[in-house]
Amino acid sequence: MSPSVQHPSDDNKSGPKARSAWAVTRSVWYAMFVREAVGRTMADRMGWFWMIAEPIALVGIMVFIRSFVRNDRLIINAEFIPWLIVGLMGFHLVREGMMRGMGAVNANQALFTYRQVQTSDPVIVRNFLEGMLRTFVFLLFIAGGLLLGIPLAPDDALFALFSWFSLWGLGLGLGLTLSVLATLVEEVERVVKIISLPLLIISGVIFPINHLPHWLLEYLMWNPIPHGLELLRLGFFEGYHVVKGTSLLYLWFFILSLNALGLMLHIRFSHKLKAK
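Nothing here was measured: the structure is a model prediction, and the numbers come from that model.

## Let's talk about the packing of helix 6 (residues 157-184) against helix 9 (residues 224-236)
Contact geometry for helix 6 and helix 9: axes closest at 7 Å, N-to-C directions at 160°. Between helix 6 and helix 9, the angle falls in the class roughly antiparallel. Crossing handedness for the pair helix 6 and helix 9: left-handed. For the pair helix 6 and helix 9, contact is made by Phe159, Ala160, Ser163, Trp164, Leu167 and Leu170 and by Pro224, Ile225, Gly228, Leu229, Leu231, Leu232, Leu234, Gly235 and Phe236, respectively. Within the contact of helix 6 with helix 9, the residues separate by chemical class into 12 nonpolar, 3 polar and no charged.

In structure tokens, the structure reads:
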């Protein structure tokens, strides 16, 4: 009796393995990140220059104003120029994360034809890219300050890094939430742009707010941005007296709440956002 020849059955044939949901999401984020990075830095031949020159010019204007208003005498255990630079960098991390995230859905409508791309993906990628660029610019400011003899090195680097990350998380939460609201209701974006300048003033960025009347300070501290800025400054200046009422717990309550709300809104209105 001749030996039988065994052939592999169809059950043993294995096709390409399906990728996990996390692997698909990583691929989408990477592709969108490269697209956003190239568009942000290479679309304009002066893109890198303005990315660095704009905050330098803003700081220069604020320092010029400072020559007329001696606010440095109102700040305990911190020089005014480093105090101002840290506040401006932290505020613009939140503001740019909010503003760029708000327009991310409309700017990436063509990508939603691919079922792997979710409406929250461009917001997350834009905020991540913005955080990287702002961190790079801030490091340039710190290096330049050290070369010029300006005390910009953080006294508590780990706490300063954590506070910087907290501000990035706040910008992400605002971006996720407002990206849905601004896409569904166009007037929301106009209102946010209008209040962005007053927000710069009432967040304690360009002048210390701890000398304002107590009844007014109580209302201003409902805003989570001053909490993040004061904690960031505390990481840079040892012994710095933060504004009364500053709370890390309050800041992270807003961060987690806004991020959760934003993600839920993206899930709830996903079809409407893609159909815009």
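After that view of the structure, there is still more to cover.
## Digging into helix 10 (residues 248-268)
Relative to the 30 Å expected for 21 residues at 1.5 Å per residue, helix 10 spans 30 Å between its end C-alpha atoms, a close match to the ideal helical length. Looking at helix 10, one finds that the buried residues are Leu251, Ile255, Leu258, Asn259, Gly262, Leu265 and His266. Axial view of helix 10: buried residues confined to an arc of 130°, hence all on one face. Exposed residues lying more than 90 degrees from the buried face of helix 10 are Leu249, Phe253, Leu256, Met264, Ile267 and Arg268. On the buried face of helix 10, the contacting elements are helix 4 (104-107), helix 5 (121-147), helix 6, helix 9 and helix 11 (270-275).

## A closer look at the nonpolar core
Residues Trp83, Phe138, Leu170 and Phe236 are the most contacted members of the largest nonpolar core, which totals 64 residues. With 13 residues, the single largest contributor to this core is helix 3 (residues 80-102). Those residues within four positions of Phe236 in sequence are excluded, and the remaining contacts are Val86, Phe138, Ile142, Leu152, Ala153, Pro154, Asp155 and Ala160.

## A closer look at the pattern of salt bridges
What the rule picks out here adds up to 7 salt bridges. Close ionic contact of Arg95 with Glu96 constitutes a salt bridge, the shortest N to O distance being 2.8 Å. Given the relative accessible area of 10%, Glu96 is considered buried. Its salt-bridge partner being Glu230, residue Arg233 comes within 3.1 Å of it at the nearest N-O pair. With a gap of 3 residues between them, Arg233 and Glu230 both fall in helix 9, about one helical turn apart.

## Quick word on the confidence of the model for the protein
Residues with a pLDDT of 70 or more make up 88% of the protein, whose mean pLDDT is 84. For the protein, helix 2 (residues 47-66) is the element with the lowest average pLDDT, namely 75, and helix 10 is the one with the highest, namely 95.

## As for the packing of aromatic side chains
Evaluation of the coordinates by the stated rule reveals 13 aromatic pairs. Seen from their ring centres, Tyr219 and Trp222 are 5.2 Å apart, and the 70° between their planes marks the pair as edge-to-face. Across the pair, Trp222 and Tyr219 agree in class, each one exposed. Among the aromatic residues, those joined into a ring-pair cluster are Phe138, Trp164, Phe236, Phe237 and Tyr240. Positioned above the aromatic ring of Phe269, the side-chain terminus of Arg268 is 4.9 Å from the ring centre.

## A look at the side chain of Glu96
Position of Glu96 relative to the elements: it lies in helix 3. Sequence-distant contacts of Glu96, defined by excluding residues within four places in its chain, comprise Gly101, Glu130 and Arg134.

## Concerning the environment of Leu273
With respect to the helices and strands, Leu273 occurs in helix 11. Accessibility expressed as a relative area gives 0% for Leu273, which makes it buried. Here Leu273 is in contact with Val105, Gln109, Thr119, Val180, Thr183, Leu184 and His266, once residues within four sequence places are set aside.

Conventions we followed
- Residues numbered from 1 in each chain as written.
- Predicted model: local features only at pLDDT ≥ 70, side-chain atom pairs only at ≥ 80, totals over all residues.
- Heavy atoms only, no water.
- Axes fitted to C-alpha atoms, helices over the stretch in contact; angles between N-to-C directions.
- Helix = DSSP H or I, 4+ residues; strand = E, 2+ residues; numbered from the N terminus.
- Parallel < 35°, antiparallel > 145°, perpendicular 65-115°, else oblique.
- Left-handed = near helix turned anticlockwise from the far one by under 90°.
- Contact = heavy atoms within 4.5 Å.
- Nonpolar A, V, L, I, M, F, W, Y, C, P; charged D, E, K, R; others polar.
- Expected span 1.5 Å × (residues − 1).
- Buried < 20%, exposed > 50% of the residue type's maximum accessible area, 1.4 Å probe, protein only.
- Arc of directions from axis to C-beta.
- Core = buried A, V, L, I, M, F, W, Y, C linked by side-chain atoms within 4.5 Å.
- Salt bridge = Lys/Arg side-chain N within 4 Å of Asp/Glu carboxyl O.
- pLDDT = per-residue confidence, 0-100.
- Phe/Tyr/Trp six-rings, centres within 6.5 Å; stacked < 30°, edge-to-face > 60°.
- Lys NZ or Arg CZ within 6 Å of the ring centre and 35° of its normal.

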